[in-house]
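Chain by chain, the residues run as shown.
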Amino acid sequence: MTPPEQAGPHPGMPTYLGMPSFPVAAKTAVADSQLRRNLAHATHTIRVKRAGAVGELADWQELRAAAKAIKDHTLAHLDTYLVRLEQNVTKAGGHVHWAQDAAEANAIVAGLVRAAGADRVVKVKSMATQETGLNEALAADGIGALETDLAELIVQLGHDLPSHILVPAIHKNRAEIREIFLREMPDAPPDLTDDPRMLAAAARAHLRQAFLSAQVGVSGANFAIAETGSLVVVESEGNGRMCVTLPQTLISVVGIEKILPTWRDLEVFLALLPRSSTAERMNPYTSIWTGVTPGDGPADFHLVLLDNGRTTALADQIGRQALRCIRCSACLNVCPVYERTGGHAYGSPYPGPIGAIISPQLRGISSPVDASLPFASTLCGACYEVCPVAINIPEALVYLRGKVVDAKREKHFSPERTVFHASGLVLRSPALLAAAQRAAAVGGRLVARSGRIRRLPPPLSGWTDTRDAPAPPPESFRAWWARTRGSQPRGSRPRRSRR
Ligand code: SF4
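Residues numbered from 1 in each chain as written. Predicted model: local features only at pLDDT ≥ 70, side-chain atom pairs only at ≥ 80, totals over all residues. Heavy atoms only, no water.

1. Description of the overall build of the protein chain
Now for step 1: For the protein chain, the helix and strand inventory stands at 23 helices and twelve strands.
Now for step 2: Along the first, second and third principal axes, the C-alpha atoms of the protein chain reach 100 × 60 × 45 Å.
Now for step 3: Counting the 499 residues in the protein chain, one finds 48% classified as buried.
Now for step 4: Sequence-distant contacts in the protein chain: of pairs separated by 6 or more residues, those separated by 24 or more amount to 72%.
Now for step 5: On the protein chain, the mean spot of the 56 positive side-chain charges and the mean spot of the 46 negative ones are 17 Å from each other. (Helix = DSSP H or I, 4+ residues; strand = E, 2+ residues; numbered from the N terminus. Buried < 20%, exposed > 50% of the residue type's maximum accessible area, 1.4 Å probe, protein only. Contact = heavy atoms within 4.5 Å. Lys, Arg positive; Asp, Glu negative; His and termini not counted. Charge placed at Lys NZ, Arg CZ, Asp CG, Glu CD.)

Set out below in structure tokens:
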């Protein structure tokens, strides 16, 4: 293993590209009992802590409504605020680059790293660069990227992918992390135990030299303040602060939806985000930087503003609410589906309920994984209840399911659609319905055993493979009514028009 100061590219790193659909990936995940245990323990712990931290604020719902209103206003005037942000970053001595897609963003970053004469960068955890596959793109260009967030480092050393927004190594327990460190970190102490403090100390020592010698830092940002051109990163470990202050060149890759108009707006989000994510009243480190300051921090600052499907999502009246997301991960921790499958099954850096609505919008619904994501939910609504910016995730899921079904309908013959079409015809005609009920009664008696239908021939066997059904009664309600009362039930007679 290469020491951090010489860290090279990882050409063999896994990527999200071409991942299987959610049901296929989930089947493998739920078969892993260790994974399920790790996830259940971690999500339960975070859930309980978050509920306590949120319960301390009497005006939580008002804060939530304020955050929603601020984000909706900003998204409605995104063009204005983006231009204002660009003007103020430039005025403060920074440079702004606009990236339409992932390839453009990666090319801009690679060009800037080369221009700085560097062949490696230190990174603070950034969802935007995971989305663009920056590490893999830099590796292809001969540039090494070292993740410095502890959980991201564990994932990188394990040649793995993040499985949670906030706790990327949530699927690993302490013993597994110790094994990774001993195997992949040459400077790990040989007597390393799985004590969290020892593991953190080993990672700290491993990263320190890399921080001190790095020429280029790469970050994301939680928020970008248009009125001054300032960027904000909130974090728990202090690695982010090192990344944004120690290197001579700083490159921040930020989604265009991360913008807030003013500092007053930030106040609301700094109350909501720590409690929703780590269940803290305030996160340990909040780093804010504005352009460059001679003699203090990086001498060269570049902001790469990333679209990559966001303007398409913005044009969608229902789907656009996903752009309010502040990546707190509260929706993941309450989701019964996520708790059982973990994040890898979502085939995207955005797992869980938010991933199920944001990935199909950013990437489209043409791949199997993106078309399956809106169905990766029980629609229980727990995600909506905890979301600090009130994203109605169930509403967006149902809406996106409709889009997936419509897209399939245009392309393929659908047995389901044919069945529903035929059912519609039968249900509209009392004579056809009566005939269908008589046929079902006769057919049901032929295949039923002891009053239950346990096995049907294909294609109906798909239903009876996992469940049975009661045999249809020998006589329908209508037939019984007509026989015993001498007339049709009221609802089945044609209605007279009212004057
Ligand atoms: S959708 Fe809401 S709860 Fe989920 S990560 Fe985004 S802000 Fe947090």
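2. Remarks on the site of the ligand
Now for step 1: Taken together, C325, I326, R327, C328, S329, C331, I354, C387, P388, V389, I391 and I393 form the complete shell of residues around the ligand.
Now for step 2: Assessed atom by atom at 2 Å from the grid points, the ligand resides in the largest cavity.
Now for step 3: When grouped by side-chain class, the residues that make up the shell around the ligand number ten nonpolar, one polar and one charged. (Near = heavy atom within 4 Å. 1 Å grid on protein atoms, 1.4 Å probe; cavity = no way out; pocket = protein on both sides within 12 Å on 5 of 7 lines; lining within 4 Å. Sits in = over half its atoms within 2 Å of the grid points. Nonpolar A, V, L, I, M, F, W, Y, C, P; charged D, E, K, R; others polar.)

3. So, the sheet that holds strand β1 (residues 95-99)
Now for step 1: Pairing is parallel across the open sheet formed by six strands, whose spatial order is β1-β10-β7-β4-β2-β3. In this open sheet, the two strands that pair with only one neighbour each are β1 and β3 (144-147). On average, each strand axis in the sheet is tilted by 25° relative to the strand beside it, whichever way the strands run.
Now for step 2: Two elements, strand β4 (residues 216-219) and strand β7 (residues 249-255), share four bridges in a ladder whose sense is parallel. Of the residues in β7, the one forming a bridge with G217 is L250.
Now for step 3: Running over the sheet, helix α4 (residues 78-91) touches β1 and β10 (300-306) and is turned about 145° from β1. (Pairing = 2+ DSSP bridges. Axes fitted to C-alpha atoms, helices over the stretch in contact; angles between N-to-C directions.)

4. A word on the pattern of salt bridges
Now for step 1: Within this structure, the stated rule accounts for 18 salt bridges.
Now for step 2: Linking E56 and R275 is a salt bridge whose minimum nitrogen-to-oxygen distance equals 3.0 Å. Highlighted residues: E56 in the loop between α2 (33-55) and α3 (60-76) and R275 in helix α12 (residues 263-277), separated in sequence by 219 residues.
Now for step 3: Judged by relative accessible area, which is 42%, E56 ranks as partly exposed. (Salt bridge = Lys/Arg side-chain N within 4 Å of Asp/Glu carboxyl O.)

5. As for the layout of surface pockets
Now for step 1: Roughly 680 Å³ of volume is contained in the second largest pocket.
Now for step 2: The set of elements that each furnish at least two residues to the lining of the second largest pocket consists of α5 (102-115), α6 (127-132), α7 (134-140), α8 (150-157), α16 (352-363) and α17 (368-372).
Now for step 3: Looking at which element gives the most residues to the lining of the second largest pocket, the answer is α6, with four residues.
Now for step 4: Tallied by class, the residues present in the lining of the second largest pocket amount to 15 nonpolar, 14 polar and eight charged. (Points joined across faces, edges and corners; volume = space filled by probe spheres on them.)

6. Section: the packing of helix α20 (residues 415-428) against helix α21 (residues 430-447)
Now for step 1: Following both chains from N to C, one finds α20 and α21 inclined at 110°, their axes separated by 5 Å at the closest point. When the axis of α20 is compared with that of α21, the two are roughly perpendicular. Across the interface between the two elements, L425, V426, L427 and R428 from α20 touch P430, L432, L433 and A436 from α21. (Parallel < 35°, antiparallel > 145°, perpendicular 65-115°, else oblique.)

7. Concerning the domain arrangement of the protein chain
Now for step 1: Parsing the protein chain into structural domains produces domain 1 (22-311) and domain 2 (415-485).
Now for step 2: Between the C-alpha centres of domain 1 and domain 2 the distance comes to 56 Å. (Domains from an automatic or database assignment.)

8. Thoughts on helix α10 (residues 196-213)
Now for step 1: Over its 18 residues, α10 extends 27 Å from the first C-alpha to the last, a length consistent with the 26 Å expected when each residue adds 1.5 Å.
Now for step 2: Within α10, the axis deviates most sharply at L207, by approximately 30°.
Now for step 3: Within α10, the full set of buried residues consists of L199, A202, A203, H206, L207, A210 and F211.
Now for step 4: Considering only its buried residues, α10 is in contact with β2 (120-123), β3, α8, α9 (174-184) and α11 (239-245). (Expected span 1.5 Å × (residues − 1). Bend = angle between axes of the 7 residues up to and from the residue.)

9. Description of the packing of aromatic side chains
Now for step 1: Under the criterion given, the structure shown has seven aromatic pairs.
Now for step 2: When the centroid spacing of 5.6 Å and the interplanar angle of 50° are considered together, the rings of F223 and F269 count as tilted. One end of the pair, F223, is in strand β5 (residues 223-225); the other, F269, is in helix α12, and 46 residues separate them in sequence.
Now for step 3: With a relative accessible area of 0%, F223 lands in the buried category.
Now for step 4: Put simply, the rings of F22, Y338 and Y346 pair up and form one aromatic cluster.
Now for step 5: Against the face of F269 rests K71, its NZ or CZ located 5.7 Å from the ring centre. (Phe/Tyr/Trp six-rings, centres within 6.5 Å; stacked < 30°, edge-to-face > 60°. Lys NZ or Arg CZ within 6 Å of the ring centre and 35° of its normal.)

10. Brief notes about the sheet that holds strand β9 (residues 285-290)
Now for step 1: Strand order in the open sheet formed by four strands is β8-β5-β6-β9, and the pairing between neighbours is mixed. Among the strands making up the open sheet, the edge pair consists of β8 (259-260) and β9.

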